[in-house]
Amino acid sequence: MKYPVTLICLLLLPCSLFAGMLKGKVTDEKGGLLPYATVFIEGTTIGTNANGNGDFELAIEPGLYKVVCQYVGYKQASFNLTVIGTETTQHTFILKSQNLEMKEVVIHVSSEDPAYPIIRKTIKRRKFHLEQVHSFQTSIYLKGLARSRKMPDKFMGQKVKDDETVVDSIGKGILYLMEENADFYTQDNKEKTVIHSVHESGNNNGLGFSQLPPVVTFYDNNVNLLGRQNRGFISPVSDNALLYYKYKLQGQFVENGHTIYKIKVTAKRAFEPCFNGTIYIVDEDWAIHSLNMTLAKKSGMDIFDTMVVSQLSLPLQKDTWVIKSQVEYVTVNLLGFDITANFVTVYNNQKINSPIPDSVFAGKVTSAYDKTANKKDSTYWTESRPIPLETDEKHDFVTKDSLFKKLKDPARVDSVRRKQNKPKPFALLLGGYDYSGKDYKNTFKTNSLLLGLGTDNIINYNIVEGFNIAPKVQWKHMVDTGVYLVGDIAARYGFSNTHFNSVARLYYIRRDRALLNNSWLYGIEGGKYVYQYNPDNPVLPWFNTYDALFLRENDLKLYERWDGSAFIRRNYGDGLSWIVKASYQERIPLQNTVYYSFFDATRNGFADNTPPHLLQTATAWEKNDAALIYASVTYKPGITYTQYPDYKVANGSAWPRFTLTYDKGIPGILNSVSDFDKWRFTVTDELHLRLLGNIKYNFAVGGFLNTNYVSIPDLMHIYGNRGIGYVAPYLQSFQFAQYYDFSNKASLYGEAHVEYHLNGLLSNKIPLLRQARYYLLFGGNAFYINQGQYYTEAFVGIDNIGWKLLRILRIDFVQSWDSYMGHNSGIRFGLNLPGIPQAKNNPTHSEW
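This report concerns the structure included in the present document. (Residues numbered from 1 in each chain as written. Predicted model: local features only at pLDDT ≥ 70, side-chain atom pairs only at ≥ 80, totals over all residues. Heavy atoms only, no water.)

### Some details on the overall build of the protein chain
Step number 1: Helix and strand content of the protein chain: nine helices and 44 strands.
Step number 2: Considered along the principal axes of its C-alpha atoms, the protein chain spans approximately 95 × 80 × 55 Å.
Step number 3: For the protein chain, buried positions account for 49% of its 848 residues.
Step number 4: Intrachain contacts of the protein chain at a sequence separation of at least 6 include 63% that bridge at least 24 residues. (Helix = DSSP H or I, 4+ residues; strand = E, 2+ residues; numbered from the N terminus. Buried < 20%, exposed > 50% of the residue type's maximum accessible area, 1.4 Å probe, protein only. Contact = heavy atoms within 4.5 Å.)

Have a look at this one:
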């Protein structure tokens, strides 16, 4: 009885345990290596790719097979293989250059190249090949590798090469190495990637790519290699390809009964989003057999210098070809770093139009990791890795995995912490000082001294307080994983009005460990501080300091306020969030106390701290108390998720974001006189139009339901701007509008902001702009109450100004019209900086 049981157990074991192994090398006739050549079993889509040295490995179950090796531009080679058990077979494929035939064709002066009829037939069949795939599933192996060919010793004052950097003396070495096994599914415009295993060199907890390099199809009119928000590139077989490309037939050959045409593809014009390279077309099927396409700076790439895409397809069934392998090569030379990278993707077990259960796409999860995806040991990878590692790759995994343990050593981590805590003068000026306590349980951060663009500086000047110092400190304590206690404190002293103010805020954050975007925030704040009339703080203090001292213009309009508040914020992680805040305030008007500037000490040029329009519009402006309630709810439908091994994260959505806010002034509570009801509804989104660029918009409507007592801070204020410089959030503000000329308590108003970024469209026809990769944009902003109170402006601009990755500048020519008979025009120089605070987007709804 013992033997039948043993036999049954053996039969139940995975077949892969009895698989043989085919190993070998791929070279050309002269012995030159053919990196990433494709090796597969004839009649199937099972196969692998060679590595960068031409070495390959392929596990094959017992049986009789014909094994084929293929490389773009070379003739197929094959041999018959018999696998009996678990033996290892060695074989070297020597590929010969593809001998191309050319049919005799009589060429007249006015005749077109023979490639054109072939391309036309392929274009005609493009839609058929694209739409014949209703569902597609495949297993994927991805190996990503980035190497440094050169790097500087230091970057921004920091050492780049040290004992922990695995590069040689001139900066050559592997910077990044990873491999990943996954399954990919797509059906009815739904996609799902399931990552079974991932291995990052030097990071035992690494997660690789939740979205693998896309299964790129050149049957799409627009080929997107750099992410869905990118402009994309025109396919050489797109409907309008003949307008953008030139073609030349270089010959033909026969492969497995199919006639294959080799066609050279060249962009007609530089600076168009086009490829250059070679495409192979299957006769009669008019399908893409393989291709090798190159993009360069003149193709419209910003980050990379070059990008090469190589694909090989195999016939799955009659008239149906599926991708077998894809290799992407990129190079970038930036700030002294010379980096090359490649991503090799091997596809196996492809299925077309086989039903995929709805359960695969359940839960709006577009990427999911197995629970142990990043916990596989070296034995697993040795047995499952389809592409053998090169010598330096093996060394990199061993060295960096050992280095990872060293980097996680508590003594070393604490040493790095102490080093990072040392004050750096440049950082103090621009970003403030950061300090981390032991084990990073407590962190402290201050605002910048003089030059911070996104926050208040410590040293400022305005004509209400004069020169003032306004330090801010944030303390963050990690209670537990995802649980934090945060404290903010700000103090302020004006040397002219001699007022000292201070305010503090304390709040508690708790994030769901299973869904990181799911969180609660509770907090309180209180104290006395200085605030702008507009709670969105449109005037940056550092900018006002410059204007007041050099140009004798002071746009910072201030009042003091005693404040006690409590707030609660809830984010469900599914696109829905809300916040409620209750406050009791005492508002105190302020007056100008000094008129000093570097060029004149008189009042000339300086206006009162309270603009006359605000005094006329508000119910009253006097010392007053206000009991207030603020509530806001935001919803963005269509959120999808990535399920990591231990937690889930929201990805975003193609839907607009909808926000409804409500402010209530409640009279009769203690000494509160405030009595109003104010609402606002906004819709914001960005539409990606691929080659046509993208459109951003922000539409709002709102008004007052009750205006019994509306103080100046409670009015509806637009986000205005003055001066030639512009650092406000573009899509929420007005480039030429005065800060308080359009403040109101109207029962109904409308507001619109629209920008059309062409992202290279049209500007690639203008020599100066296309060489610099500067992009055109158009847009307009409008605010309307009635014919007696409105403001509109239109602008045309150039953005993406800068160098390499540092492209943060923008220039606009603006023309404005308003109800006060104003017709202004001028130039705005702007900064698109990620650190600039966004109006109406504050997690605690605080104004300091």
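### Details of the pairing of strand β21 (residues 337-352)
Step number 1: For β21, the buried fraction is high: 12 of the 16 residues fall into the buried class.
Step number 2: For strand β8 (residues 135-150) and β21, the ladder comprises 13 bridges, and the chain directions are antiparallel. Of the residues in β21, the one forming a bridge with Leu142 is Thr345.
Step number 3: With 10 bridges connecting them, strand β20 (residues 320-334) and β21 associate as antiparallel partners. The partner of Val327 across the bridge, within β21, is Val344.
Step number 4: Linkage of β20 to β21, two consecutive antiparallel strands, is achieved through a turn of two residues, within which Leu335 is found at a positive phi near 50°. (Pairing = 2+ DSSP bridges.)

### Examining empty space enclosed by the protein
Step number 1: In total, this model carries three cavities of 30 Å³ or more according to the counting rule given.
Step number 2: Contributing to the lining of the largest cavity are Gln70, Tyr71, Val72, Gly73, Tyr74, Gln98, Phe253, Glu255, Tyr280, His289 and Ser290.
Step number 3: Those elements giving two or more residues to the lining of the largest cavity turn out to be β15 (245-255) and β18 (287-296).
Step number 4: Residue composition of the lining of the largest cavity, by class: five nonpolar, five polar and one charged. (1 Å grid on protein atoms, 1.4 Å probe; cavity = no way out; pocket = protein on both sides within 12 Å on 5 of 7 lines; lining within 4 Å. Points joined across faces, edges and corners; volume = space filled by probe spheres on them. Nonpolar A, V, L, I, M, F, W, Y, C, P; charged D, E, K, R; others polar.)

### Some details on the sheet that holds strand β1 (residues 20-28)
Step number 1: Strand order in the open sheet formed by three strands is β4-β1-β7, with mixed pairing between adjacent strands. Either end of the sheet is taken by a strand with one partner, and the two such strands are β4 (55-60) and β7 (88-95). Strand after strand, the sheet turns through a mean of 25° between neighbouring axes, direction not considered.
Step number 2: Pairing of β1 with β4, which is carried by six bridges, proceeds in the antiparallel orientation. (Axes fitted to C-alpha atoms, helices over the stretch in contact; angles between N-to-C directions.)

### Description of the side chain of Ser135
Step number 1: Of note, Ser135 is situated in strand β8.
Step number 2: What makes Ser135 buried here is its relative accessible area of 5%.
Step number 3: Side-chain polar atoms of Ser135 contact the backbone oxygen of Ser354, separated by 3.0 Å.
Step number 4: Ser135 has contacts with Thr186, Gln187, Lys351, Ile352, Asn353, Ser354 and Ile356, leaving out every residue within four places of it along the chain. (Polar contact = N/O pair within 3.5 Å; in protein donor to acceptor, adjacent residues only side chain to side chain.)

### What about the nonpolar core?
Step number 1: Counting 60 residues, the largest nonpolar core has Phe218, Tyr247, Ile263, Phe275 and Ile279 as its most contacted members.
Step number 2: Discounting chain neighbours no more than four positions away, the residues touching Ile279 are Pro236, Val237, Tyr261, Lys262, Ile263, Val265, Ile288, Ser290, Leu291 and Met293. (Core = buried A, V, L, I, M, F, W, Y, C linked by side-chain atoms within 4.5 Å.)

### Observations concerning helix α7 (residues 541-551)
Step number 1: All buried positions along α7 are accounted for by Pro541, Phe543, Asn544, Thr545, Asp547, Ala548 and Leu549.
Step number 2: A positive backbone phi angle near 60° is found at Arg552, which sits one or two residues after α7.

### So, the pairing of strand β27 (residues 472-480)
Step number 1: Pairing of strand β24 (residues 442-446) with β27, which is carried by five bridges, proceeds in the antiparallel orientation. If you follow Asn442 over to β27, its bridge partner there is His477.
Step number 2: Relative to strand β28 (residues 483-494), β27 runs antiparallel, the two sharing eight bridges. Across the sheet, Asp480 pairs through a bridge with Val483, a residue of β28.
Step number 3: Here β27 hands over to β28 after two residues, with Gly482 in that stretch at a positive phi of 80°.

### Observations concerning the sheet that holds strand β6 (residues 77-83)
Through backbone hydrogen bonds, the strands of a sheet pair up, either in parallel or in antiparallel fashion.
Step number 1: One open sheet accounts for four strands, arranged β3-β2-β5-β6; its pairing is antiparallel. Edge positions in the sheet fall to β3 (47-49) and β6, since each has one partner strand and no second. When the angles between neighbouring strand axes are averaged without regard to direction, this sheet yields 20°.
Step number 2: Relative to strand β5 (residues 63-70), strand β2 (residues 38-41) runs antiparallel, the two being bridged by four bridges. Bridge assignment links Phe40 to a residue of β5, and that residue is Val68.

### Regarding helix α2 (residues 115-131)
Step number 1: With 17 residues, α2 should cover 24 Å at 1.5 Å per step; its first-to-last C-alpha distance of 25 Å lies within 8% of that length.
Step number 2: Of all the bends in α2, the greatest measures close to 40° and is centred on Arg125.
Step number 3: By the burial criterion, the buried members of α2 are Ala115, Tyr116, Ile118, Ile119, Thr122, Ile123, Arg126 and His129.
Step number 4: Lining the buried residues of α2 we find β15, β16 (258-267), β17 (276-282) and β18. (Expected span 1.5 Å × (residues − 1). Bend = angle between axes of the 7 residues up to and from the residue.)

### Comments concerning a positive patch on the surface
Step number 1: Positive charge collects at one region of the surface, where Lys246, Lys248, Lys264 and Lys268 lie side by side.
Step number 2: As for its position among the elements, Lys248 is in strand β15.
Step number 3: For Lys248, a relative accessible area of 48% gives the class partly exposed. (Patch = residues over 30% accessible without salt bridge, like charges linked within 9 Å, V, L, I, M, F, W, Y side chains within 5 Å. Areas by Shrake-Rupley, 256 points an atom, 1.4 Å probe, with all protein chains shown as cover. Salt bridge = Lys/Arg side-chain N within 4 Å of Asp/Glu carboxyl O. Lys, Arg positive; Asp, Glu negative; His and termini not counted. Charge placed at Lys NZ, Arg CZ, Asp CG, Glu CD.)

### Concerning a nonpolar patch on the surface
Step number 1: A surface patch of nonpolar side chains, amounting to about 1100 Å² of accessible area, comprises Leu449, Leu450, Ile459, Phe467, Ile469, Phe495, Tyr546, Phe550, Leu551, Tyr596, Phe598 and Phe599.
Step number 2: Of all the elements in the fold, those that place two or more residues in the nonpolar patch are β26 (466-469) and α7.
Step number 3: Of the residues forming the nonpolar patch, the biggest block, three residues, is contributed by α7.
Step number 4: You can see Ile469 is positioned in strand β26.
Step number 5: A relative accessible area of 37% places Ile469 in the partly exposed class.

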